[in-house]
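Structure at a glance
Chain residues, written in single-letter form:
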Amino acid sequence: MTSAVSIRFAGAALGALLALGALWAAPARAESVSASFDCAKAGTTVEKLICSQAVLRWQDLSLSRAYRAARDAVTGSARDDLVLAQRDWVRERDRRCIADRTFAELADTATELGKQAYECLNVVYLDRRRALQDLALPPLSASGIREIDLQPIAAARPEISEGGVPRIAGMRLSPDGGLAAILLPSLELDGPDQVWLYRIADGRLAAATPMPDMQQPHPDGAPMAIKALGWQGDTLYVRLALWSAGGESEEGPSAVYAATLSGSVQLGTVPAEIAGLLDSDGAPAETEAMADGDDESAQTVRGNDDFLAWIDDHGHGTIELKVRKRAAGSPSYLAAWGGWELADYLFDADRSRLVYPADTGIAVFDMDTHGERRIAATSRSDRPYAVSADLDLIVWSTRNACGDEFMTEQDEDAPEHFCLALLAQPEESE
């Protein structure tokens, strides 16, 4: 279904991060991402090492952007101090990570020396990037952070749960941010097969659509797959595809449910207004807005009247998140580079913003200014699930505790937690 720093090094933190091992384990095969300098003219050991690894090229490019944004955000003596601090940082980077070693000694990152230099550069770049990013655009502060208790869903759907935590296929917030629709994954199909409602204020949960049928074969009219959602006030309307003896196509018979926390009913007759609401949710993606030959590999295309956003899959688990103005022929801009987590980016059509998992935490990206602001209390590898239209509420998942801020990779064997928080916009004008 388609869904619309500190300026100086922190030595102790650096040591702790290094002890945790390599960051950004994505492959270095993608050649499209460039460093902030011309790699054809790379002369020093550190420049050559950066150019040899896609991960380091992305780190260098991102840091250069963050530095320019931070420099533009300050004036007078503050800017002079920043320029001097950045020069000191460059010297310290080379001393810590490269010393007097040659590129030949470090080029193979499978060797001990090469691995140490690679990991060191990853750590110091990431720490510096977040410092500069926060200087340019202060992070959105989070309050009222709490974990969503999904035990009632786990009890009702043990087949999709592990350790008392159900897998979640997606979430949608109501227009006023008071309710969340929680989509649960199907064991048979590529998509969700049930929706639950969650009230933000008190954490109350209720099923919005019937339990999926577990019989084989499925009887006619049994719930099959969620096809579309639409909110009207505090009522959630859901179009649900049904199993049919005539075939297993999701384009077959369907039913529409109207759900509130008080209960859910199947509509005998679907009002035209509700049908239109659900039809718009299942509308095709914006792929047709991409000109022929322009980013032919574009996937998960989303847009509004002014901008387009999409992901490019370069293979080997390497994903680029790009944006451009909607006008044909407009140049594209690489907003983020990483792995498959970027495919879960959220698109704020009203304000032309993206929300996605960055290596400094969950980030908010302005498609007009290209400014990136992180959300405080989120960690590297946290995944955004939903944000309210006014960006005052966010729901995300983490394998840390809700509210922890870490820049190291999370333990994939740790239980997943689903969190929510209120976000406060910075007072300064943008």
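What you see is a predicted model, and the numbers here were worked out from it, not measured in a lab. (Residues numbered from 1 in each chain as written. Predicted model: local features only at pLDDT ≥ 70, side-chain atom pairs only at ≥ 80, totals over all residues. Heavy atoms only, no water.)

With that settled, consider the overall build of the chain. Each helix and strand in the chain was counted, giving eight helices and 22 strands. With the model as given, the accessible surface of the chain reaches about 19500 Å², and the carbon-plus-sulfur share is 49%. (Helix = DSSP H or I, 4+ residues; strand = E, 2+ residues; numbered from the N terminus. Areas by Shrake-Rupley, 256 points an atom, 1.4 Å probe, with all protein chains shown as cover.)

A word on the environment of Leu229. If you trace the backbone, Leu229 turns up in strand E8 (residues 223–232). Considering only alpha carbons, one finds Leu229 and Arg172, 57 residues apart in sequence, at a separation of 8.7 Å. Discounting chain neighbours no more than four positions away, the residues touching Leu229 are Arg172, Ala181, Leu183, Val195, Leu236, Tyr237, Val238, Leu278 and Asp281. (Contact = heavy atoms within 4.5 Å.)

Once that is clear, we can look at the pattern of salt bridges. Applying the stated criterion across every chain yields a total of 19 salt bridges. A salt bridge links Glu159 to Arg157, with the shortest nitrogen-to-oxygen separation between them at 2.3 Å. What makes Glu159 partly exposed here is its relative accessible area of 29%. Take Arg157: its relative accessible area is 1%, and that puts it in the buried class. With a closest N to O distance of 3.5 Å, Arg157 and Asp193 form a salt bridge. (Salt bridge = Lys/Arg side-chain N within 4 Å of Asp/Glu carboxyl O. Buried < 20%, exposed > 50% of the residue type's maximum accessible area, 1.4 Å probe, protein only.)

Residue placement: Arg239 occurs in strand E9 (residues 235–242). Within the structure, Arg239 has its side chain in polar contact with the side chain of Asp279 (distance 3.1 Å). Look past the residues within four positions of Arg239 in its chain and what remains in contact with it is Ala225, Ile226, Lys227, Ala228, Ser254, Ala255, Val256, Ala275, Leu278 and Asp279. (Polar contact = N/O pair within 3.5 Å; in protein donor to acceptor, adjacent residues only side chain to side chain.)

Quick look at helix H3 (residues 54–73) now. Counted at 1.5 Å a residue, the expected span for H3 with its 20 residues is 28 Å, and the 29 Å between its end C-alpha atoms agrees. Burial analysis of H3 places 15 of its 20 residues in the buried class, the great majority of the element. (Expected span 1.5 Å × (residues − 1).)

Turning our attention to unusual backbone geometry. The step from Gln216 to Pro217 runs through a cis peptide bond, and the omega angle for that step is -5°. Tracing the backbone through its elements, the reader meets Pro217 in the loop between strand E7 (205–207) and E8. Even without being glycine, Ser352 reaches a positive phi, approximately 50°. Within the element layout of this structure, Ser352 appears in the loop between strand E16 (346–348) and strand E17 (353–358).

Taken as a whole, this structure holds four aromatic pairs when the rule is applied. Between Tyr333 and Phe365 the ring centres are 6.1 Å apart and the planes differ by 25°, which places this aromatic pair in the stacked class. Taken as a pair, Tyr333 in strand E15 (residues 333–338) and Phe365 in strand E18 (residues 361–366) lie far apart in primary sequence, 32 residues in all. Take Tyr333 and Phe365: they sit in the same class, and that class is buried. One aromatic cluster is present, built from ring pairs that chain together Tyr333, Tyr356 and Phe365. Note that Arg302 overlies the ring of Tyr345, its terminal NZ or CZ placed 4.5 Å from the centroid. (Phe/Tyr/Trp six-rings, centres within 6.5 Å; stacked < 30°, edge-to-face > 60°. Lys NZ or Arg CZ within 6 Å of the ring centre and 35° of its normal.)

Let us now look at the pairing of E18. Within E18, five of the six residues are buried, which leaves it mostly tucked inside the rest of the structure. Counting the residues in the hairpin turn of E17 and E18 gives two residues. Hairpin connection between E18 and strand E19 (residues 372–374): a loop of five residues separates the two successive antiparallel strands, and His370 in this loop has a positive phi of roughly 65°. (Pairing = 2+ DSSP bridges.)

This next bit is on the packing of helix H2 (residues 45–52) against H3. Where H2 meets H3, the axes come as close as 5 Å, and the angle between the chain directions of the two elements is 110°. When the axes of H2 and H3 are compared, the pair comes out roughly perpendicular. Facing H2, whose interface residues are Leu49, Ile50, Cys51 and Ser52, H3 presents Ala54, Leu56, Arg57 and Asp60. Residue composition of the contact of H2 with H3, by class: five nonpolar, one polar and two charged. (Axes fitted to C-alpha atoms, helices over the stretch in contact; angles between N-to-C directions. Parallel < 35°, antiparallel > 145°, perpendicular 65-115°, else oblique. Nonpolar A, V, L, I, M, F, W, Y, C, P; charged D, E, K, R; others polar.)

Our next topic: the confidence of the model for the chain. If pLDDT is low for a region, its predicted coordinates should not be looked at in detail. Looking at the chain, the pLDDT average stands at 88 and 87% of residues meet or exceed 70. Under a pLDDT of 50 for its full length, residues 1–30 has, in the predicted model, 74 contacts with residues more than four places off or in other chains. (pLDDT = per-residue confidence, 0-100.)

Next up on the list: the state of the cysteines. Taken as a whole and judged by the stated rule, the model has three disulfides. In this model, Cys97 is linked to Cys120 through a disulfide, with the two sulfur atoms separated by 2.1 Å. Handedness here is read from the sign of the S-S torsion; for Cys97 and Cys120, about -70°, the answer is left-handed. One end of the pair, Cys97, is in helix H4 (residues 76–97); the other, Cys120, is in helix H6 (residues 112–136), with 23 residues separating them in the sequence. Residue Cys97 shares its accessibility class with Cys120, and that shared class is buried. Here Cys402 connects covalently by a disulfide to Cys419, the sulfurs 2.1 Å from one another. On the S-S bond that ties Cys402 to Cys419, the torsion sits near -80°, and the link is left-handed. In this pair, Cys402 sits in the loop between strand E21 (393–398) and strand E22 (417–424) while Cys419 sits in strand E22, placing the two residues 17 residues apart along the sequence. Taking relative accessible area as the criterion, Cys419 reaches 0% and is therefore assigned buried. With its disulfide-bonded cysteines labelled consecutively along the sequence, the chain is connected as 1-2, 3-4, 5-6. (Disulfide = S-S within 2.5 Å.)

On to the sheet that holds strand E5 (residues 179–185). The four strands are arranged E4-E5-E6-E7 in an open sheet whose pairing can be described as antiparallel. A single partner strand is all that each edge strand has here, and the edge strands are strand E4 (170–173) and E7. The average angle at which neighbouring strand axes cross in this sheet is 25°, direction not considered.

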